[in-house]
Amino acid sequence: METLTNTTYPGQEIQDLVHDQRAYFNTNVTLPVEFRLKQLKKFRDLVVQHEDELHEAIYKDFGKSKHDNQLTEIFPLYEELEIAIKNAKKWVKHRKVKTNLLNQPAKSYLVPEPLGVTLVIGAWNFPYNLSLIPVVGSMVAGNTTILKPSELPAETSRIMAKLINENFDRNYLHVVEGEIPETTALLNQRFDKIFFTGSPQVGKIVNKAAAPNLTSVTLELGGKNPAIFTEDANINIGVKRMIWAKFLNSGQLCLAPDYVLVHRSIKSKVLERIVHEIKKHNYSVENNNFVRIINDRNFDRVAALIDPDKVYYGGKMNKEERVIGPTVLNNVTLDDAVMQDEIFGPIIPVVEYDTLDEAFAIIKSFEKPLAGYLFSNDETAKERFLTEVPFGSGGINEAVMQNNNSNLPFGGVGNSGMGRYHGKYSFECFSHFKAIIDKSNIFESDLKYYGHSDRQMKWIKKLS
Ligand code: NAD
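Structure report, in brief. Because the structure is predicted, anything quoted here is derived from the model rather than measured. (Residues numbered from 1 in each chain as written. Predicted model: local features only at pLDDT ≥ 70, side-chain atom pairs only at ≥ 80, totals over all residues. Heavy atoms only, no water.)

1. A closer look at the sheet that holds strand β6 (residues 193-197)
Across the sheet, which stays open at both edges, the six strands sit in the order β5-β4-β3-β6-β7-β17 with mixed pairing between neighbours. The sheet terminates laterally at β5 (173-175) and β17 (417-418), the two strands that pair on one side only. Helix α1 (residues 11-25) contacts β3 (117-121), β4 (144-148) and β5 of the sheet and is inclined by roughly 155° relative to β4. (Pairing = 2+ DSSP bridges. Helix = DSSP H or I, 4+ residues; strand = E, 2+ residues; numbered from the N terminus. Contact = heavy atoms within 4.5 Å. Axes fitted to C-alpha atoms, helices over the stretch in contact; angles between N-to-C directions.)

2. Quick look at the environment of Ser-250
For Ser-250, the location among the structural elements is in the loop between α9 (235-247) and β9 (259-263). Judged by its relative accessible area of 0%, Ser-250 is buried. Here the alpha-carbon distance between Ser-250 and Val-291, two residues 41 residues apart in the chain, equals 5.5 Å. When neighbours within four sequence positions are excluded, Ser-250 is seen to be in contact with Phe-290, Val-291, Gly-345 and Pro-346. (Buried < 20%, exposed > 50% of the residue type's maximum accessible area, 1.4 Å probe, protein only.)

3. Some details on helix α10 (residues 267-280)
Here α10 contains 14 residues, and its C-alpha end-to-end distance of 20 Å stays within 8% of the 20 Å for a straight helix at 1.5 Å per residue. Among the residues making up α10, those that are buried are Lys-267, Val-270, Leu-271, Ile-274, Val-275, Glu-277 and Ile-278. Buried residues of α10, viewed axially, fall in a sector of 165°; they line one side. Turned more than 90 degrees away from the buried face of α10, the exposed residues are Lys-269, Glu-272 and Lys-279. Contacts from the buried residues of α10 go to β8 (226-229), α9, β9, β10 (311-313), β13 (327-329) and β14 (347-353). Asn-282, located one to two residues past α10, shows a positive phi value of around 55°. (Expected span 1.5 Å × (residues − 1). Arc of directions from axis to C-beta.)

4. Some thoughts on the site of the ligand
Near the ligand you find 26 residues, and of these Lys-148, Glu-151, Ser-199, Leu-221 and Glu-342 are the closest. Interatomic distance of 2.8 Å between a side-chain N/O atom of Lys-148 and an oxygen atom of the ligand. At a separation of 3.4 Å, a nitrogen atom of the ligand approaches a polar backbone atom of Glu-220. Notes on the ligand: free accessible area 840 Å², of which the protein chains cover 89%. In this structure the site holding the ligand corresponds to the largest pocket. Within the residue set of the shell around the ligand, elements represented by two or more residues are α7 (180-187), β6 and α8 (200-210). Sort the elements by how many residues they give to the shell around the ligand and α8 lands first, with three residues. Broken down by class, the residue content of the shell around the ligand amounts to 14 nonpolar, eight polar and four charged. When residues of the shell around the ligand are assigned to domains, at least three map to each of domain 1 (11-221 + 415-434) and domain 2 (226-411). (Near = heavy atom within 4 Å. Polar contact = N/O pair within 3.5 Å; in protein donor to acceptor, adjacent residues only side chain to side chain. Areas by Shrake-Rupley, 256 points an atom, 1.4 Å probe, with all protein chains shown as cover. 1 Å grid on protein atoms, 1.4 Å probe; cavity = no way out; pocket = protein on both sides within 12 Å on 5 of 7 lines; lining within 4 Å. Sits in = over half its atoms within 2 Å of the grid points. Nonpolar A, V, L, I, M, F, W, Y, C, P; charged D, E, K, R; others polar. Domains from an automatic or database assignment.)

If you want it as structure tokens, here you go:
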């Protein structure tokens, strides 16, 4: 079988691939739900058979332990596969809606149809999760798919290309590995859907590339996610949950709390508790399971955000091993380097506030974030947070775990993205819903035809 693995792709080869996938899609072979189920089951079996190789690859790339890999990559992938396999027959059915009186006698319904040839571009920080879960959505919706995983975790990119390209028809599902030139060559093609996960900067490039063909785009991006602690927050439980969310993948997580907004009256208690939790869970440079920073460029970028004068705890790092220890910064202001962009590393800047208005104003001084978290027992604060603060998804007295409920969609808003997926939302993300009126021929009223009297118009208004 022809593969496009680990090569530099001339534009022509990519053009041919997209052309061949379109021809394949146009044969209608991907339309029957039985076909989709067969492919999804094959995909699931492949992951089951090669789980150990998947663990090894990601450990080589950035020291992610088997336990972390299972929890944040492999189990969520299985879950999405199971949901898709279980629900595919239901999802592909026509969705009935009510018919208004004017249109009677008729049925009205939505017909889901696949979009066609899709491109999925993955990010590096959860390479399996962020590449393969969108692919599941594309498959269950009946599309053909080209996946371009992030090149930064080279081993995971390679293993995904190997497993998929050796086991699936390239006209149906194929991995193209590569960096910016290969991605650019892909973006120069006409797709029916582009699903991109990554930074807002590259998101804009993708959106621009899609525009000439009016290609539908889903952008899963990032931002500066706040975690607010109000005066009456349960500090012990809240800090424990927040710390776990922050140091998962060493803060290299789009949903991680980026900075902490703490009410002045509880700041010292929160700071103490953060250190207590860091020590309790042995998050440290010395811990081999504390995930490495992905590459030297990111190591230098994150390290430069640590202002030694503001270090309350931590600040340790090992450049050779590309590991930065958990670091807490105190008395942080909005002018500090750490508050300029998304951190994407294991630093917690603590910013104090006096009133909720002040805290919300700080959040709104940034672009709309991907996530927002509130730790509070105050019902008014909760309601105000939900209604006044814009963000993609979030938690009340919890962080990141909203992403572990497939009944909730995952996606951003504004600068943190557009569109949503997971579970049934993935199917919808990769489908178009044709709106159909299906009319009976029993009789035809003259109401809608020309020559309306005032009386007829009154009836039309009533029946509409
Ligand atoms: P990135 O934008 O640098 O890269 C993402 C993908 O785009 C990669 O596959 C890369 O090869 C490709 N790419 C990079 N530069 C390109 C260019 N000039 N032209 C075309 N393609 C290009 O992002 P990243 O470093 O992989 O991930 C970090 C960012 O992604 C953070 O902002 C984070 O918040 C965000 N993120 C978002 C989510 C989400 O689901 N919303 C998940 C993970 C990461």
